[in-house]
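Here is how the chains run, residue by residue.
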Amino acid sequence: MHKHLLIAVWFCLWLLSAHAADAPRSQASGPQSPRLSALLAALDDKDPTALADFWTEVETEHTPLVEELPNQPHDALYTFLIRADPADDVLNVRLGADFPMRTEHHTDTFQRLGSSDVWYTSYVLPKASRSFYRIRVPQGLHRSPASPARFTIDGVLYEHYLDPLNPKVFPEGKDHVDAPGSYFVGSEAPLNPYLAVHADVLSGSLQKFEIDSQALGGKRSVTMYTPANYASKGRPLPLILQFDGEAYITDVAAPTMLNNMIAQKVIPPVIVAFLHSQGTRNEDLQPNAKFQQFIGAELVPWIRERYPIGKNAKLNVVAGSSFGGLAAAYTAFVHPEIFGNVLSQSGSFWWSPTYLEDVSPSPNAGWMVKQFAESKPKAIRFYMSAGAWESAGMLSGNRILRSVLMGKGNEVTYSEVVSGHNYANFQQSFPDGVIALLGRGPH
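Residues numbered from 1 in each chain as written. Predicted model: local features only at pLDDT ≥ 70, side-chain atom pairs only at ≥ 80, totals over all residues. Heavy atoms only, no water.

### Concerning the overall build of the protein chain
Short version of the rule: In DSSP terms, a helix is any run of H or I states spanning at least four residues, a strand is any run of E spanning at least two, and both are numbered starting from the N terminus. In this scheme, a residue with accessible area under 20% of its type's maximum is buried, one over 50% is exposed, and one in between is partly exposed, where area comes from a 1.4 Å probe on protein chains only. Residue contacts are counted whenever heavy atoms from the two residues lie within 4.5 Å of one another. Method for areas: the Shrake-Rupley scheme with a 1.4 Å probe, in which residue coverage is limited to the protein chains shown.
Of regular secondary structure, the protein chain possesses eleven helices and 19 strands. Buried residues in the protein chain amount to 53% of all 443 residues. For the protein chain, long-range pairs separated by at least 24 residues make up 73% of all intrachain contacts whose partners lie at least 6 apart in sequence. Accessible surface computed for the protein chain: about 20000 Å², of which carbon and sulfur atoms make up 54%.

Okay, structure coming up:
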């Protein structure tokens, strides 16, 4: 594609996706929620039990409150709540969520219901949505234990907290990479059928190794997954190289999903190299020659010496999310003789080598897109997913790369889900990607 045409298309789609990412949302002067309107009316009528009854219902039903909307069968009104001291006239607590919000900081303030201890903020969202969110409180104003994260808005230092009215947390458990957050799943959101641990499903094995890399001038860690009933002398198995391995093992629970998919025979037995990137993520996953030399000349030969990996590129997948999705596409671009499949989840295809110095929108954006656009076609299949609530640059980069690849004749499976940029989203689409690329066998 001609350079100036590609830039023009990029800019136009950036503008279009900026509007497309907007979801219906609401915050009027009074509550849009029928339940809050009824509570306010009861409080105005001096009903002595209305407030206590309301909070008892919330403790049972949990937040967000979900209410039907007239003539919008696939949307619902989601209301988030904070219970504050009745003496608080100003509560500088914010909601930080991955769906489109009202402020440029993606953190909206709560509004008080009359003079009660109920503070709320409401949004019209699709019932197919999944959302990851946290409560954000100025540092020192919250009585909960230490928060998992801190950040600044307009010179005020804030801390993240879980929603105390919502028991659903992602990721669950103590062993996780990302700080946990509260989440909810809409009634029409598809369920992941591979997440449950079943007593009758045999588990694969995980073994962690350190590899000395001359190309990178240091060590890199990799955790190898082998399926149940694995035989080291057996027939060659497909290989999945998964970036951000520590997050996919813990937060995404990829080993559990692989166990179930193999047991249900929706994919063949596979070997997975979970490549760890803590401490070296930006150095490794942004396109660069040294990391590709490590993969092609050191990591893959190391794996082949120890595991029955075939040389048919159509059997092998390179996978990642965000910068990992960018790295997956670049790895297959550089090594199509090794990897004939790319699983990209919200790949950072907005990236350019000068992105830290660029203004937005930048004419240098979409470097990886340009590599595919200007090269000869490569025999690579793609599974690409993105969240409809992600940034304009993230969405447009994925959409343009999909179009370029299809124009080149590549097979592309593309999906957009009603979610944002987080591992809860990636967990949902991970099995879809593996099945799309390996479930049918090599072409």
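Now that the structure has been shown, the text picks up again.
### Brief notes about the pattern of salt bridges
We apply this condition: Here a salt bridge means any side-chain nitrogen of Lys or Arg lying within 4 Å of a carboxyl oxygen belonging to Asp or Glu.
Enumeration according to the criterion identifies twelve salt bridges in this entry. Its salt-bridge partner being Arg 83, residue Asp 117 comes within 3.2 Å of it at the nearest N-O pair. You can see Asp 117 sitting in the loop between strand 5 (111–112) and strand 6 (118–126) and its partner Arg 83 sitting in strand 2 (residues 75–83), a full 34 residues away along the chain. Arg 220 serves as the salt-bridge partner of Glu 283, at 3.6 Å between the closest nitrogen and oxygen. Taken together, the residues span a long stretch of sequence, with Glu 283 in helix 6 (residues 281–285) and Arg 220 in strand 13 (residues 218–226) at a distance of 63 residues. Look at Arg 220 and you get buried, because its relative accessible area is 7%.

### Let's talk about a negative patch on the surface
For clarity, the cut-off: Patches in this entry comprise residues that are over 30% relatively accessible and not in a salt bridge; like charges within 9 Å are linked, as are nonpolar side chains (Val, Leu, Ile, Met, Phe, Trp, Tyr) within 5 Å. For this count, His and the chain ends are skipped, Lys and Arg are scored as positive, and Asp and Glu as negative. In plain terms, the charge of a residue is placed at NZ if it is Lys, CZ if Arg, CG if Asp and CD if Glu.
Where like charges cluster on the molecular surface, the negative patch consists of Asp 44, Asp 45, Asp 47 and Asp 53. If you trace the backbone, Asp 44 turns up in helix 2 (residues 34–44). On the accessibility criterion, Asp 44 (54% relative accessible area) is exposed.

### Brief notes about the sheet that holds strand 16 (residues 317–321)
Just so we agree on the cut-off: Two strands make a pair as long as DSSP finds a minimum of two bridges between them. Simply put, an axis is a line fit to the C-alpha atoms, just over the touching stretch for a helix, and the angle between two N-to-C directions goes from 0 to 180 degrees.
What the eight strands build is an open sheet, ordered 12-13-15-14-16-17-18-19; its pairing is mixed. The open sheet has two edge strands, strand 12 (205–213) and strand 19 (412–417), and neither has a second partner. Put simply, the sheet's adjacent strands are angled 15 degrees from each other on average, direction ignored. As defined by bridge partners, strand 14 (residues 239–242) adjoins strand 15 (residues 271–275) across four bridges and the pair is classed as parallel. Its bridge partner being in strand 15, Ile 240 is matched across the sheet by Val 272. Across the face of the sheet, helix 7 (residues 289–306) comes into contact with strand 12, strand 13, strand 14 and strand 15 while running at roughly 130 degrees to strand 12.

### Concerning the environment of Lys 314
Topologically, Lys 314 is positioned in the loop between helix 7 and strand 16. Exposure remark for Lys 314: the relative accessible area of 43% places this residue in the partly exposed category. Spatially, the C-alpha atom of Lys 314 lies 8.4 Å from that of Arg 381, the residues being 67 residues apart in sequence.

### Overview of the pairing of strand 15
With five of five residues buried, strand 15 lies mostly within the body of the structure. Burial along strand 15 is two-sided: the face carrying Ile 271, Ala 273 and Leu 275 and the face carrying Val 272 and Phe 274 are both buried.

### Observations concerning the packing of aromatic side chains
So the rule is basically this: Planes of paired rings set the category: under 30 degrees apart is stacked, over 60 is edge-to-face and the rest tilted, where pairs are Phe, Tyr or Trp rings (Trp by its six-membered ring) whose centres lie within 6.5 Å. Charge over a ring is defined by NZ of Lys or CZ of Arg lying within 6 Å of the ring centre and within 35 degrees of the ring normal.
Under the defined criterion, the tally for this structure stands at 24 aromatic pairs. Arranged with centres 6.4 Å apart and planes meeting at 55 degrees, the rings of Tyr 133 and Phe 184 form a pair that is tilted. Of this pair, Tyr 133 sits in strand 7 (residues 130–138) while Phe 184 sits in strand 11 (residues 181–185), and the two are 51 residues apart along the sequence. Overall, Tyr 133 belongs to the buried group, its relative accessible area being 0%. According to the relative accessible area criterion, Phe 184 is buried, its value standing at 5%. Ring centres of Phe 323 and Tyr 355 lie 6.3 Å apart, and the angle between their planes is 85 degrees; this geometry places the pair in the edge-to-face category. Residue Phe 323 is located in helix 8 (residues 323–334), and its partner Tyr 355 is located in the loop between strand 17 (341–345) and helix 9 (367–374); the two are separated by 32 residues in the primary sequence. A connected cluster of aromatic rings, assembled from ring pairs, spans Tyr 78, Phe 80, Phe 99, Tyr 123, Tyr 133, Phe 184 and Trp 389. The residue whose ring lies beneath Lys 378 is Phe 333, and the NZ or CZ to ring-centre distance is 4.5 Å.

### Topic: the sheet that holds strand 1 (residues 65–68)
Strand pairing in a sheet relies on backbone hydrogen bonds, with the paired strands running either antiparallel or parallel. The sheet built from four strands is open, its strands ordered 1-2-6-5 with antiparallel pairing. Pairing within the sheet leaves two strands with one partner each, and these edge strands are strand 1 and strand 5. One ladder, built from nine bridges, connects strand 2 with strand 6; its direction is antiparallel. The residue of strand 6 that forms the bridge with Asp 75 is Pro 126.

### Here's the deal with helix 10 (residues 392–407)
Here is the rule we go by: To estimate how far a helix should reach, multiply one less than its number of residues by 1.5 Å.
A rise of 1.5 Å per residue sets the reference length of helix 10, with its 16 residues, at 22 Å; its end C-alpha atoms lie 22 Å apart and thus fit the reference within 8%. Those residues of helix 10 that fall on the buried side of the exposure criterion are Ala 392, Gly 393, Met 394, Leu 395, Ser 396, Gly 397, Asn 398, Ile 400, Leu 401, Val 404 and Leu 405. Just past helix 10, the residue Gly 409 takes up positive phi, approximately 95 degrees.

### Topic: the side chain of Ser 129
Where we set the bar: We define a polar contact as two N or O atoms separated by no more than 3.5 Å, with the added condition that, inside protein, one atom must be a possible hydrogen donor and the other a possible acceptor, whereas residues neighbouring each other in sequence contribute only through side-chain atom pairs.
Take Ser 129: it is sitting in the loop between strand 6 and strand 7. Within polar-contact distance, the side chain of Ser 129 engages the backbone oxygen of Pro 126 at 2.6 Å. For Ser 129, the residues in contact, after removing those within four places along its chain, are Tyr 78, Phe 184, Val 185, Gly 186, Ala 189, Trp 389 and Val 418.

### What to know about the packing of helix 8 against helix 9
As a reminder, the rule being used: When describing relative orientation, an angle under 35 degrees is termed roughly parallel and one over 145 degrees roughly antiparallel, while 65 to 115 degrees is termed roughly perpendicular and anything else oblique. Note on convention: the crossing is left-handed when the near helix lies turned anticlockwise from the far helix by less than a right angle, right-handed when the turn is clockwise. Classification convention: Asp, Glu, Lys, Arg as charged; Ala, Val, Leu, Ile, Met, Phe, Trp, Tyr, Cys, Pro as nonpolar; all other residues, Gly among them, as polar.
For the pair helix 8 and helix 9, interaxial distance at closest approach is 11 Å and the crossing angle is 25 degrees. By the angle between their axes, helix 8 is roughly parallel relative to helix 9. Where helix 8 crosses over helix 9, the handedness of that crossing is left-handed. Judged by residue contacts, Leu 326, Ala 329, Tyr 330 and Phe 333 of helix 8 engage Trp 367, Met 368, Gln 371 and Phe 372 from helix 9. Considered class by class, the residues forming the contact of helix 8 with helix 9 number seven nonpolar, one polar and no charged.

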